[in-house]
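Understanding the architecture of this molecule
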Amino acid sequence: MTATGEIKKSVLVSLWFMFLTFPIMVIRVNTVQDVVEWRWLNMAYIGIGTFFISMLWRYMIRRKEREGKKEKTDNLSFAQKIILDKKIFIPLVALTGLFIIVFPHMFSMYQTNIMISALIYVMLGLGLNIVIGLAGLLDLGYVAFFAVGAYSYALLNLHYGLVFWLALPLGGFLALIFGVILGYPVLRLRGDYLAIVTLGFGEIIRLVLENWNEFSFGPSGIPNIPKPPLFGVDLSLSGSIIYLYYIIVGLVIFTIFVINRLENSRIGRAWIALKDDEIACQAMGIDKARTKLRAFGLGAMWAGMAGVIFAAKTTFINPASFTIWESVIILCTVVLGGMGSITGVISGALLLILLPEYLRAFSEFRMIIFGAVLVLMMVFRPGGIINNVRKTYKFQKT
Amino acid sequence: MKPILEVKNMTMAFGGLKAIDSLDISIHQGEIAALIGPNGAGKTTFFNCITGIYKPTSGDIFICPHEKQERLNGLKPNIVTKKGLARTFQNIRLFSSMTVLENVMIGCHSITKAGVLGAIFKNAATKAEENFIVEKAYSILEKIGIEMYVDELATNLPYGAQRRLEIARAMATDPFLLLLDEPAAGMNPMETKSLDDLIIKLRDEENVSILLIEHDMKLVMSLSDNIHVVDYGKKIAEGTPEQIKSNPDVIKAYLGDESEDA
Amino acid sequence: MDFDYFSYLFFGGLTRGSIYALIALGYTMVYGIIQLINFAHGEIYMIGAFTGLIIASVLTMMGLPSLAVIIIAAAAAIIYASAYGFTIEKIAYKPLRDANAPRLSALISAIGMSLFLQNYVLLAQTSDFLPFPSLIPDFEFWEPYSHIWTSAELVIFITTVIVMILLTFLIKFTKIGKAMRATSQDKTMASLLGINVNRVITFTFVVGSATAAIGGILIASHIGQINFYMGFIAGIKAFVAAVLGGIGSIPGAVIGALILGWTESFFTGYISSDYEDVFAFLFLVGILILRPSGILGKSETQKV
């Protein structure tokens, strides 16, 4: 298409968006004082912005179509090449590891705290990745299991003085039980219905926590949740934050190890096969319901453990931390990084959680960016930044 | 001796339409049987019914791999496979993100048992099982004759090899009866000929009986011990290839328009 | 039993049901045609309400007579909601359809769209509740019972019935309606028969968005306040209604919406109002587990 044609098209798009966003972006009514604020400048921004975005959009669509026609294999992205090249990847991992170990000693408490939050999301992302990335089940109520973990620690500690190290496995176990109980009746549903049902379960759990005051203390939440003590000794505030930081780092490493093992096992293969073709999978003797339930339960267990850490970190929890949009954020980290890819999910989670923290100017745009990321990723790069190149089994003759 | 598969008076109705209408079919140990009939006669539906994908409206399905007879009705597809009935699909359904070897490894799922904990701890038993799976899968590939593609992605295989991989995958479940849904569809005459040899080899060396749906009459006539002809969900004839060739009903219903089907 | 209270709950449920029906229609039509749960549909309803409020306020301040304000604001809400529906389809769904993306990708895209639109309104307008002027005039129609069934509720009900009739007419008797039915049965076949499938899909989004906007301004003017988050719960409940009735079926959506409206109204009236939304979600989970094809839907057999 000619350049003038392109410009004409973009002008039309930009005019359309100026019209479309006119009432919401330009007019703001103050109903108390009965004055109207006209923000014409916004219209100019929209006009200019959409003009360029529409050009970029069409260019990207065309590029994607061209790529689609090419052979799929042998077309690795830069990130994939790095991951597959052991000479680069192993030193890279070692360097990152070193950085992670010295992090709390190099940066302030504040930074360490942010890093703990980000690592909690990494753990959640990796857990959800078992459910979505490996088994292909869209779980929109994932945060409910996070809540189960957090509340198990908070409540069991409050009533019975349960310590962190017991609460961690117990919280995971309770979330697993919840996952199995909720998952059992719904996992035979088709993908999109499953997504909605899990969303429903997630909201039910949150609403119950909000309304059942006798049990969960309602919206006011539970304060004074203790941080884990080291060998029975209560640490100073900074000490306990550093300690918690190493705990979550340890757990993330454990998670990576477990997922790696699972991926290359009989169970992991069954998950991938199930994602590829359910009918053929059953014809191979794989129990569909049980295999799905395993992924669902394991994912839930990880969310539960992350929940215990979350409660210990914030020392205060209430139902507002467990809304459906929290599930969507976790989904967003998995989608951005690349479903099924461990490195992808970790980078996705760190990117999405750390960037808004450091770019303070953008923090109010956090959620709108998450929304845009989900749409843009699905349209342009459904495989994520790091498109998962599954490590296939290579046969060696013995 | 009892037939290894005995279908009695089976009917499968979708709404008012009877895709299968009181059908009786028996398969005996060591037999290569064929199920033929015009398009839409209900052949694939028959496979779907006995493998548990559909629940037949009425009738009985029995298997008798050893001495004891068992009823298959209402069992889930994965249980049917575990009992020893394996199938291939007319419209190839391979696991597209997996390699050839991995596809066959999935077939070993029902005869192995490592769980989540085994996967995480990777103990000696799990390791031994993984080795067993890999070796079994590879030896099946060798038998089927597609071991040269071992590490290829299943979707990158030529068409004929994909059909063979479907058979390999089914064989990995250790079946006593193999159900092949149009195994020669889309193959050239040479590939069809070698498929003919393969099926006979499987029967003779692997001790598996075979029931196949096929439109390629030459293949059916040369392979089969016994042929069942269905039309509009009803069985219209049964017999050896010679008997079928000369059966007037069959000629009327089916072979009459052979030119279209072949 | 207190009959007055019962009737009050009955008509309350009828009003709820009518609004759910107006939103559920969009869900069900879109699902019927492209098997997509248009998660952003609730946001269209919200944007309809916001546009209606903004235009109505501006016009009132300019001193226009109230009847003119009502008509222009309603028209603007409908036009804008349709325009948003059209644009969302072009941005978030059509590229995925062109690329033959799996159904879950489209759903994720829809969720992203929903999140985007909520925050778009939040950032451009406000996170507070905005008071919404009562656009529906009060009038006497069955004194002295108007506390049981208010004139506003009557208007909502009548509007819903009219929309329903128009929509049924549109789908049953017009050319585009026929094209919609054909497309929902078999997209490939429909396009081979010369139906412009993309145009039909766009049209479906536009019509569905317009009905959602009607629901948006009616409920906003009835309750008297709006908020950027109003679309989420309403959207979920409308989806429940659509599934309950059998997703893809238009009379089903109406029946499902009325059943949900009534059960909700009686549940909150007689049992507990704290757990109103829990109840709706339980309803959702229950239906999807027990009868995912709904009341009027057909159960589908998977082809192998």
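**With respect to the pattern of salt bridges**
Residue and element names in this part refer to chain C. All chains considered together, the criterion is met by 29 salt bridges over all chains. Lysine 94 serves as the salt-bridge partner of aspartate 98, at 3.1 Å between the closest nitrogen and oxygen. Of this pair, aspartate 98 and lysine 94 both sit in helix α3 (residues 66-98), four residues apart, roughly one helical turn.

**Considerations on a nonpolar patch on the surface**
All names here are of chain A. The grouping of Leu351, Leu355, Tyr358, Leu359, Phe362, Phe365, Ile369 and Ile385 at the surface amounts to a nonpolar patch, some 680 Å² of accessible area in total. With three residues, helix α16 (residues 342-358) is the single largest residue contributor to the nonpolar patch. Its place among the elements puts leucine 355 in helix α16.

**Considering the interface of chain C and chain A**
Counting from both sides, the interface comprises 63 residues of chain C and, opposite them, 62 residues of chain A. Both sides of the chain C and chain A interface together cover about 5,500 Å² of buried area, and 78% of this is carbon and sulfur. There are one salt bridge connecting chain C and chain A. The shortest N-O distance in the salt bridge between Asp192(A) and Arg103(C) comes to 3.6 Å. In this structure, the connection of chain C to chain A is made through nine residue pairs in polar contact (both at pLDDT 80 or more). Only α2 (41-61), α3, α4 (103-124), β1 (130-131), α9 (230-245) and α11 (276-290) of chain C provide two or more residues apiece to the side of chain C that touches chain A. Here the residues of the side of chain C that touches chain A are counted per class, giving 47 nonpolar, 12 polar and four charged.

**Let's talk about the domain arrangement of chain B**
Residue and element names in this part refer to chain B. Assigned domains of chain B: these are domain 1 (1-84 + 175-262) and domain 2 (94-172). Each partner contributes to the interface: domain 1 provides 19 residues, whereas domain 2 provides 10 residues. Among the residues domain 1 hides against domain 2, the three largest losses belong to Pro175, Leu198 and Glu206. Together they make up 29% of the total. Summed over the shared surface of domain 1 and domain 2, the result is one salt bridge. When contributions to the side of domain 1 that touches domain 2 are tallied by element, the ones reaching two or more residues are β7 (177-181) and α7 (189-206). Per-element accounting of the side of domain 1 that touches domain 2 gives the leading share, seven residues, to α7.

**Let's talk about empty space enclosed by the protein**
By the definition in use, this model includes seven cavities of 30 Å³ or more. Taken as a whole, the largest cavity spans an internal volume of roughly 60 Å³. Taken together, Asp139(A), Gly141(A), Ala144(A), Phe145(A), Leu182(A), Gly183(A), Val186(A), Thr198(A), Phe201(A), Gly202(A), Ile205(A) and Phe296(A) form the lining of the largest cavity. Going through the elements one at a time, α7 (142-160), α8 (164-186) and α9 (191-211) of chain A are the ones with two or more residues in the lining of the largest cavity. No other element matches α9(A), which puts four residues into the lining of the largest cavity. Considering only residue class, the lining of the largest cavity consists of seven nonpolar, four polar and one charged. Considering only enclosed or pocket space, the second largest cavity measures out at about 50 Å³ in volume. Around the second largest cavity sit Ala283(A), Thr51(B), Ile53(B), Pro77(B), Val80(B), Thr81(B), Leu85(B), Ala86(B) and Arg87(B), which together line it.

**Section: the sheet that holds strand β4 (residues 58-63) of chain B**
Residues and elements named next belong to chain B. If you walk across this open sheet you meet the four strands as β2-β1-β4-β5, and the pairing is antiparallel. Strands with a single pairing partner mark the edges of an open sheet, and in this sheet they are β2 (17-27) and β5 (70-71). Sheet topology places β4 next to β5; two bridges connect them, and they run antiparallel. Considered in β5, the bridge of isoleucine 63 is made with glutamate 70.

**Overview of the confidence of the model for chain B**
The predicted structure's coordinates, where accompanied by low pLDDT, should not be read in detail. In the predicted model, chain B carries a mean pLDDT of 87, and the fraction of residues at 70 or more is 97%. Segment residues 258-262 of chain B: pLDDT under 50, and three contacts once partners within four positions in sequence are set aside and those in other chains are kept.

**Comments concerning helix α1 (residues 3-20) of chain A**
All names here are of chain A. When the terminal C-alpha atoms of α1 are compared, their 25 Å separation across 18 residues agrees well with the 26 Å that a helix rising 1.5 Å per residue should span. Looking at α1, one finds that the buried residues are Glu6, Ser10, Ser14, Phe17 and Leu20. One side of α1 holds all its buried residues, which, seen down the axis, span an arc of 120°. When the buried face of α1 is taken as reference, the exposed residues oriented beyond 90 degrees from it are Thr4, Lys8 and Leu12.

**Some thoughts on the packing of aromatic side chains**
Residue and element names in this part refer to chain C. Tallied over the entire structure, the rule returns 40 aromatic pairs over all chains. Here the aromatic rings of tyrosine 5 and tyrosine 270 are separated by 5.6 Å at their centres, their planes lie at 90°, and the arrangement is edge-to-face. Residue tyrosine 5 is located in helix α1 (residues 3-34), and its partner tyrosine 270 is located in helix α10 (residues 250-271); the two are separated by 265 residues in the primary sequence. Ring geometry for phenylalanine 267 and phenylalanine 279: centres 4.2 Å apart, planes at 15°, overall stacked.

**Here's the deal with the layout of surface pockets**
Residues and elements named next belong to chain C. Estimated volume of the second largest pocket: approximately 680 Å³. In terms of lining residues, the second largest pocket is bounded by 25 residues, among which Tyr45, Ile219, Ile223, Met230 and Ile233 are the most central. Mapped by element, the contributors of at least two residues to the lining of the second largest pocket are α1, α8 (197-223), β2 (225-226), α9 and α11. Looking at the lining of the second largest pocket, the element that brings in the most residues is α1, giving six residues. Its residues assigned to classes, the lining of the second largest pocket comprises 13 nonpolar, six polar and six charged.

**Structural notes on the environment of Pro3(B)**
Residues and elements named next belong to chain B. Structurally, proline 3 is set in the segment before β1 (5-14). C-alpha of proline 3 to C-alpha of serine 26: the two residues are 23 residues apart in sequence and 6.0 Å apart in space. Every residue in contact with proline 3, bar those within four places of it in the chain, is listed here: Ser26, Ile27, His28 and Cys64.

**Things to note about unusual backbone geometry**
Phi at Asn207(B) takes a positive value of approximately 60°, unusual for a residue other than glycine. For Asn207(B), the location among the structural elements is in the loop between α7 and β8 (209-213). The phi dihedral of Gln35(C) falls on the positive side, at around 50°, and the residue is not glycine. In this structure, Gln35(C) sits in the loop between α1 and α2.

Criteria and thresholds
Residues numbered from 1 in each chain as written. Chains lettered and ligands numbered in written order. Predicted model: local features only at pLDDT ≥ 70, side-chain atom pairs only at ≥ 80, totals over all residues. Heavy atoms only, no water. Salt bridge = Lys/Arg side-chain N within 4 Å of Asp/Glu carboxyl O. Helix = DSSP H or I, 4+ residues; strand = E, 2+ residues; numbered from the N terminus. Patch = residues over 30% accessible without salt bridge, like charges linked within 9 Å, V, L, I, M, F, W, Y side chains within 5 Å. Areas by Shrake-Rupley, 256 points an atom, 1.4 Å probe, with all protein chains shown as cover. Contact = heavy atoms within 4.5 Å. Buried area = accessible area lost by both parts, 1.4 Å probe. Polar contact = N/O pair within 3.5 Å; in protein donor to acceptor, adjacent residues only side chain to side chain. Nonpolar A, V, L, I, M, F, W, Y, C, P; charged D, E, K, R; others polar. Domains from an automatic or database assignment. 1 Å grid on protein atoms, 1.4 Å probe; cavity = no way out; pocket = protein on both sides within 12 Å on 5 of 7 lines; lining within 4 Å. Points joined across faces, edges and corners; volume = space filled by probe spheres on them. Pairing = 2+ DSSP bridges. pLDDT = per-residue confidence, 0-100. Expected span 1.5 Å × (residues − 1). Buried < 20%, exposed > 50% of the residue type's maximum accessible area, 1.4 Å probe, protein only. Arc of directions from axis to C-beta. Phe/Tyr/Trp six-rings, centres within 6.5 Å; stacked < 30°, edge-to-face > 60°.

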